[in-house]
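Structure assessment
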Protein chains: 2
Amino acid sequence: MAPSAAIETEAVTDTSTITVLNPLAAPLKINELYGRRKTPLKSQWGVAAVSNSELFKLRPQEGKPKAKNWDYRLSQEALSRKGNSLKQAAKFLATPGLISLGGGIPTSEYFPFDSLMLKVPRVGHFSEAEAHASGMILESGKHDLLEDKSILDIATAFNYGQGTGTAQLLRWVTEHTELVHDPPYQDWACTLTVGSTSALDMAFRMFTEKGDYVLSEEYTFATAVETAAPMGVKVAGVKMDAQGLLPDSMDEILTHWDPVSRGARKPTVLYTVPTGQNPTGATQGHARRRAIYAVAQKHDLYILEDEPYYFLQMDPYTGPDAPPAPTPTTHEEFLKNLVPSLLSMDVDGRVLRMDSFSKVISPGSRVGWITASEPIVRKYYMHADVSTQGPSGMSQLLLFKLLDEGWGHPGYLDWLMHIRAEYTKRRDVILAACETHLPKEVVSWVPPMAGMFHWLQVKYEKHPRYPAKSITELEDEIFMRNVGNGVLMMKGSWFYASSEERHDTLFFRATFAAAPFDRIQEAIRRFGKTLRESFGLEMLEDGEDGVVSNGVGGKENKPLGHHVTNGHTGKAV
Amino acid sequence: MAPSAAIETEAVTDTSTITVLNPLAAPLKINELYGRRKTPLKSQWGVAAVSNSELFKLRPQEGKPKAKNWDYRLSQEALSRKGNSLKQAAKFLATPGLISLGGGIPTSEYFPFDSLMLKVPRVGHFSEAEAHASGMILESGKHDLLEDKSILDIATAFNYGQGTGTAQLLRWVTEHTELVHDPPYQDWACTLTVGSTSALDMAFRMFTEKGDYVLSEEYTFATAVETAAPMGVKVAGVKMDAQGLLPDSMDEILTHWDPVSRGARKPTVLYTVPTGQNPTGATQGHARRRAIYAVAQKHDLYILEDEPYYFLQMDPYTGPDAPPAPTPTTHEEFLKNLVPSLLSMDVDGRVLRMDSFSKVISPGSRVGWITASEPIVRKYYMHADVSTQGPSGMSQLLLFKLLDEGWGHPGYLDWLMHIRAEYTKRRDVILAACETHLPKEVVSWVPPMAGMFHWLQVKYEKHPRYPAKSITELEDEIFMRNVGNGVLMMKGSWFYASSEERHDTLFFRATFAAAPFDRIQEAIRRFGKTLRESFGLEMLEDGEDGVVSNGVGGKENKPLGHHVTNGHTGKAV
């Protein structure tokens with residue numbers, strides 16, 4: 001498209017510094033990021049302007065290898081996907097003096113919004129109280145772009161867009177991805193999504209056929225299984241330990257895959273949540289990720305890396321009485337402390353990484369993005385063009401105002417460091433409560449290093465009624481007794497990758513993401529009571545594990561959390 | 001779910017007036033709408049609260065028949081779709097005193113938004129200038145719901161939601177649907193979508209299998225064909241006239257369908273755009289719709305009614321010199337003047353109607369809704385729960401503020417009447433320009449009665465080089481000559497439902513939705529020049545069809561519209 005070419009030409013004026021540097025020598029420094037931004041033509045930011053990540057990469061990528069061609073892994077559906085026929089007309093739009101009666105894009109005159117103001121926290125003053133008392137105001141007018149006040153406005157964001165999302169926000173996620181992951185191949189690209197749940201739905205359609213198996217952790221995100229099942233796609237579970245997926249187990253499954261007895265070809269896709277996995281809370285360490293990637297290479301697997309909790313990595317847990325571990329204080333330290341992503345070691349371009357704003361900004365934005373090799377990303381947004389059409393422009397405008405114009409990249413890293421500290425506190429509260437209130441002879445856990453979930457293993461073999469009662473029956477008995485005691489925790493069996501396989505473990509999942517600290521403590525105390533009752537153990541003294549006065553059976557029926565929560569379900573958990 | 005039951009109980013207090021009225025006797029009056037709203041529990045509006053249209057219908061539906069069961073029309077994918085397993089936990093959330101460590105829903109404490117302000121036009125003062133000078137301010141705080149300031153706030157809308165959308169906006173679209181369409185069966189329901197493009201993608205997945213044909217207008221929305229094709233679903237075109245799809249042609253296709261020669265079973269789905277059809281601009285009249293519905297009943301077709309342009313119905317065209325037709329001045333007149341929808345005559349529940357805010361509020365909202373029988377709607381939102389997750393909460397908050405708290409239903413009807421008048425003006429401008437500038441001996445048209453498109457038929461048989469040059473070659477020659485003269489209009493052949501079928505017509509599509517009036521006039525003048533050149537006709541005098549000074553070849557390369565448009569494509573056209 002003409003605008004792209006124009007931008008690339010302009011960028012040439014800035015090559016003097018770029019060519020001197022070896023892009024592969026050192027990670028991109030955050031303080032050099034803005035100096036490397038190209039200055040595009042104003043038309044680049046217009047209504048439904050075409051864009052791609054190449055326009056926004058900060059450093060030249062030529063020293064890197066190109067991604068493998070993955071066409072042979074694509075479904076018939078993806079292979080037969082062609083571009084929008086009407087886009088043939090787009091190339092004429094740059095004709096000087098042309099009047100377009102082409103696209104059915106309404107005039108913004110008929111958008112009933114004049115302006116919008118947002119109050120958001122200032123960088124470094126992130127608490128709700130500070131945001132309320134001294135937040136900064138971000139404004140968006142209808143025609144800011146025409147009036148040179150901003151590169152995104154209501155007239156543009158509220159009109160039709162591209163499947164890729166707006167150039168404005170695509171630039172931001174491309175820069176962020178280069179800063180954090182710097183994929184080690186040349187032709188990586190990003191495109192916006194309407195969230196990772198949709199991205200996974202679209203990725204399954206792209207990489208699987210009816211009857212296929214995909215691999216995943218033995219316990220996995222229930223929605224992933226339920227997304228795949230109606231397509232006729234099943235999930236084969238890979239054994240896990242405290243660091244999540246075991247590469248040897250995956251290797252074994254693949255090496256000994258028998259298409260006849262399985263009734264399906266050898267899997268070609270791995271779906272994994274490497275950080276703060278749902279439901280187990282497990283985080284793959286650096287070496288574990290390298291080993292998983294090596295097995296993927298050995299069996300030529302394509303990897304779907306789902307990383308909503310990536311930035312909810314925490315400081316190490318030091319126990320209830322020890323002082324907390326030191327927390328990163330600089331952006332460099334923060335970034336260096338993150339476990340490297342599979343994307344960051346992806347020399348083949350075999351990873352489609354899904355990022356999301358849901359856990360770090362707002363789930364209601366329904367904005368995320370994927371990163372993969374350019375041909376895969378192109379298939380993705382071609383699909384988006386005829387289905388989701390890309391994320392809400394209203395959401396994109398709010399995120400652009402906050403992230404790009406408001407905080408900038410350094411401010412966003414500060415925010416992520418803030419969130420990291422907050423989730424560390426929450427994790428520490430639930431762990432301390434577990435140590436105080438739970439009978440360790442029948443329940444055990446590993447301190448989570450990321451995410452929102454604490455995964456509690458119950459030693460069913462010590463239950464007085466086992467094996468007369470099955471694991472499933474015991475799980476249900478404990479679940480119901482827990483509800484009776486006033487706590488809702490999720491059954492582990494709801495997260496089986498495959499219910500066909502034999503399972504001999506018993507788990508409950510508790511989230512520490514939402515409830516206030518005292519409620520988390522009280523809930524864990526109640527869970528201790530549940531376990532002691534079920535296993536016939538001696539009860540702790542009153543007030544230690546007893547139900548407190550405002551608990552179950554009391555007259556109170558008020559919302560317990562910080563907001564009205566009645567009627568909510570286990571959405572997107 | 002408990003909250004629903006609670007609301008139904010409360011609603012009983014209000015039945016005295018309801019039972020007296022016969023709901024089928026007369027259309028719902030807009031002034032009685034608010035008096036019929038039930039008073040729900042506050043928890044109904046909470047984070048990811050479960051809701052459904054039944055809670056929000058304004059009149060009892062018992063006098064109506066129930067919808068047919070459509071399970072036998074569902075795809076394997078839709079039939080195998082089961083509810084989210086984690087929702088089994090939801091029913092316990094109403095337990096008094098319960099602490100939930102269940103759902104992984106983040107606390108709103110970590111949403112970096114304190115408040116939001118919107119400036120929108122006041123009812124009756126809808127122009128951009130008035131909105132800017134004297135618009136009204138709508139505010140949303142983070143915890144308005146807790147503080148009893150509003151039933152929707154940032155803490156709720158920016159968190160996870162349901163596939164149905166928020167209860168708050170679902171109420172609004174349910175009421176609007178009852179007011180406008182009052183479906184003649186009992187168990188109709190609405191659910192929000194991320195726009196009709198996505199809704200169509202999901203509907204095809206729900207009602208077709210690979211290898212199927214669906215029926216549609218001979219010329220159809222190109223994206224619909226491109227959505228279906230990668231699924232292995234083809235479109236069979238039904239002949240059209242000035243009122244769009246011809247029921248007799250559809251009957252004939254179905255009656256004589258030969259599965260062997262077609263290589264596909266007899267179609268079971270009709271996709272149609274009844275109002276202001278894209279690309280032809282055709283609008284089915286009332287009798288035409290009844291006839292189409294009758295053929296659908298005869299062959300037991302399921303109907304996908306795609307209606308983005310429904311409210312862009314216009315006053316009749318009276319010609320360039322006659323005074324304009326009288327425009328509706330009351331809400332009742334406005335509603336009565338709308339051609340009845342297929343949904344409004346759907347006694348079987350065989351219609352899935354797609355509505356959209358794109359053409360009447362903002363395409364960038366990515367919010368629309370469908371209306372169909374409850375079991376179909378349930379399949380739809382169960383799918384949404386594991387894919388799109390429903391529309392952006394940010395968009396939903398903005399729309400709720402504007403439509404429900406800002407304008408209300410009467411104000412929204414005023415807005416629709418305003419838009420109707422605006423599009424009528426635009427339509428009249430392009431028609432007058434055509435009458436002035438086009439050589440009627442080689443081009444003809446029917447004044448559109450709705451939508452954004454003007455469809456111009458070129459009499460190729462009068463072309464001096466026909467049949468030496470094929471219709472396709474002539475179409476391309478005229479298209480390119482038009483671009484050379486500085487106008488972009490779409491080729492009719494880009495809209496073939498099926499390119500396998502023989503076509504002996506030559507059309508161009510022009511939109512009058514976007515360009516300023518003088519640009520529309522100038523573009524049509526240039527098109528006249530194009531046709532005269534191509535057909536070797538005598539040129540009009542200078543200034544009549546000549547290219548004006550700021551046209552093609554001039555030095556100007558400024559955006560021509562009201563906003564920056566360079567680089568945009570034929571999106572969603």
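Presented here is an overview of the structure given in this document. Bear in mind the structure is a predicted one, so any value in this text is a computation, not a measurement.

**Brief notes about the sheet that holds strand β13 (residues 443-444) of chain A**
Residues and elements named next belong to chain A. The sheet built from four strands is open, its strands ordered β13-β14-β17-β16 with antiparallel pairing. Bordering the open sheet on either side are β13 and β16 (490-491), each of which pairs with just one other strand. Sheet topology places strand β14 (residues 453-458) next to strand β17 (residues 507-511); five bridges connect them, and they run antiparallel. Within β17, the position partnered with Leu-456 by the bridge is Phe-508. Strands β14, β16 and β17 of the sheet are contacted by helix α16 (residues 471-484), whose axis makes an angle of about 35 degrees with β17.

**Looking at helix α7 (residues 167-180) of chain A**
Residue and element names in this part refer to chain A. Helix length check: α7 (14 residues) gives 20 Å between terminal C-alpha atoms against 20 Å at 1.5 Å per residue, within 8%. Of all 14 residues making up α7, 14 are buried, and the element is well covered by its neighbours. Once α7 finishes, Asp-182 follows within two positions and takes phi at roughly 35 degrees, a positive value.

**Side note on the pattern of salt bridges**
Residues and elements named next belong to chain A. Applying the stated criterion across every chain, the model contains 76 salt bridges over all chains. Two residues, Glu-147 and Lys-149, come together in a salt bridge whose shortest N-O distance is 3.1 Å. On the basis of relative accessible area, Lys-149 is assigned to the exposed category, the value being 59%. In this structure, a network of salt bridges that share partners links the residues Lys-68, Arg-73, Asp-300, Asp-348 and Arg-350.

**Details of the interface of chain B and chain A**
Contact with chain B, which involves 146 residues of that partner, is made by 146 residues of chain A. Here chain B packs against chain A, burying approximately 13000 Å² in sum over the two surfaces, 62% of which is carbon and sulfur. The tally of links from chain B across to chain A stands at eight salt bridges. A salt bridge links A:Glu128 to B:Lys142; its shortest N-O distance comes to 2.9 Å. Inspection of the chain B/chain A interface yields 51 residue pairs in polar contact (both at pLDDT 80 or more). When residues in the side of chain B that touches chain A are grouped by element, the largest group, 12 residues, is from helix α15 (residues 393-437) of chain B. Looking at side-chain class alone, the side of chain B that touches chain A contains 72 nonpolar, 50 polar and 24 charged residues. Of the pairings in the sheet, the one linking strand β2 (residues 115-120) of chain A to strand β2 (residues 115-120) of chain B comprises five bridges and is antiparallel in character. Paired with A:Leu118 across the two strands is B:Leu116, which belongs to β2(B).

**So, the nonpolar core**
Core analysis: the largest hydrophobic core is formed by 290 residues, its most contacted members being A:Leu304, A:Ile361, B:Leu304 and B:Ile361. When neighbours within four sequence positions are excluded, B:Leu304 is seen to be in contact with B:Leu200, B:Ala203, B:Phe204, B:Phe207, B:Val269, B:Leu270, B:Tyr271, B:Thr272, B:Leu352 and B:Met354.

**Examining the relation of the copies chain B and chain A**
Turning chain B through 180 degrees and shifting it by 0.0 Å along the axis lays it on chain A, with an RMSD of 0.0 Å. This pairing of chains is accounted for by a two-fold axis. Ranked by how close their C-alpha atoms come to the rotation axis, the residues of chain B are headed by B:Met117, at 2.4 Å. A shared interface surface links the copies, since 100% of the contact residues of chain B are contact residues in chain A too.

**Regarding the packing of aromatic side chains**
Enumeration over the complete set of coordinates arrives at 49 aromatic pairs over all chains. An angle of 75 degrees between the planes, with centres 5.4 Å apart, marks the rings of A:Phe126 and A:Trp407 as edge-to-face. Pair noted here: A:Phe126 is in the loop between β2 and α5 (128-134) and A:Trp407 is in helix α15 (residues 393-437), with a separation of 281 residues, a long-range link. The pair formed by A:Phe126 and A:Trp407 is uniform in burial state, with each residue classed as buried. Where B:Tyr310 meets B:Phe311, the ring centres are 5.3 Å apart and the plane angle is 75 degrees; that geometry is what we call edge-to-face. Of the residues examined, B:Tyr310 reaches a relative accessible area of 2% and is grouped as buried. The exposure class assigned to B:Phe311 is buried, which follows from its relative accessible area of 6%. Aromatic ring contacts, followed pair by pair, group A:Tyr219, A:Trp455, A:Phe495, A:Tyr496 and A:Phe507 into a single cluster.

**Things to note about the side chain of A:Arg509**
Here A:Arg509 lies in strand β17. There is no salt bridge for the buried A:Arg509, and the closest opposite charge comes from A:Glu226, which lies 11 Å off by N-O distance.

**Here we look at unusual backbone geometry**
At the junction of A:Tyr466 and A:Pro467, the peptide bond is cis and its omega measures out at 5 degrees in the coordinates. The residue after B:Asn278, namely B:Pro279, is reached through a cis peptide bond having omega 15 degrees. Its place among the elements puts B:Pro279 in the loop between β9 (269-272) and α12 (286-298). If you check the backbone angles, A:Gln389 has positive phi at about 65 degrees while not being a glycine. Tracing the chain through its elements places A:Gln389 in the loop between α14 (374-385) and α15.

**Concerning the sheet that holds strand β3 (residues 136-141) of chain B**
Read from one edge of the open sheet, four strands run β3(A)-β2(A)-β2(B)-β3(B), paired in antiparallel fashion. Looking at the sheet topology across the chains shown, the edges are occupied by β3 (136-141) of chain A together with β3 of chain B. For this sheet the average axis-to-axis angle between neighbouring strands, irrespective of direction, equals 15 degrees. Bridge count between β2(B) and β3(B): six bridges; the pairing is antiparallel. The residue of β3(B) that forms the bridge with B:Met117 is B:Glu139. Strand contacts of α15(A): β2 and β3 of chain A together with β2 of chain B, with the helix running at about 125 degrees to β3(A), the strand carrying the most contacts. With respect to the sheet, α15(B) is in contact with β2 of chain A together with β2 and β3 of chain B, its orientation differing from that of β3(B) by roughly 125 degrees.

Cut-offs and rules
- Residues numbered from 1 in each chain as written.
- Chains lettered and ligands numbered in written order.
- Predicted model: local features only at pLDDT ≥ 70, side-chain atom pairs only at ≥ 80, totals over all residues.
- Heavy atoms only, no water.
- Pairing = 2+ DSSP bridges.
- Helix = DSSP H or I, 4+ residues; strand = E, 2+ residues; numbered from the N terminus.
- Contact = heavy atoms within 4.5 Å.
- Axes fitted to C-alpha atoms, helices over the stretch in contact; angles between N-to-C directions.
- Expected span 1.5 Å × (residues − 1).
- Buried < 20%, exposed > 50% of the residue type's maximum accessible area, 1.4 Å probe, protein only.
- Salt bridge = Lys/Arg side-chain N within 4 Å of Asp/Glu carboxyl O.
- Buried area = accessible area lost by both parts, 1.4 Å probe.
- Polar contact = N/O pair within 3.5 Å; in protein donor to acceptor, adjacent residues only side chain to side chain.
- Nonpolar A, V, L, I, M, F, W, Y, C, P; charged D, E, K, R; others polar.
- Core = buried A, V, L, I, M, F, W, Y, C linked by side-chain atoms within 4.5 Å.
- Least-squares fit on C-alpha atoms with pLDDT ≥ 70 in both.
- Phe/Tyr/Trp six-rings, centres within 6.5 Å; stacked < 30°, edge-to-face > 60°.
- Lys, Arg positive; Asp, Glu negative; His and termini not counted.

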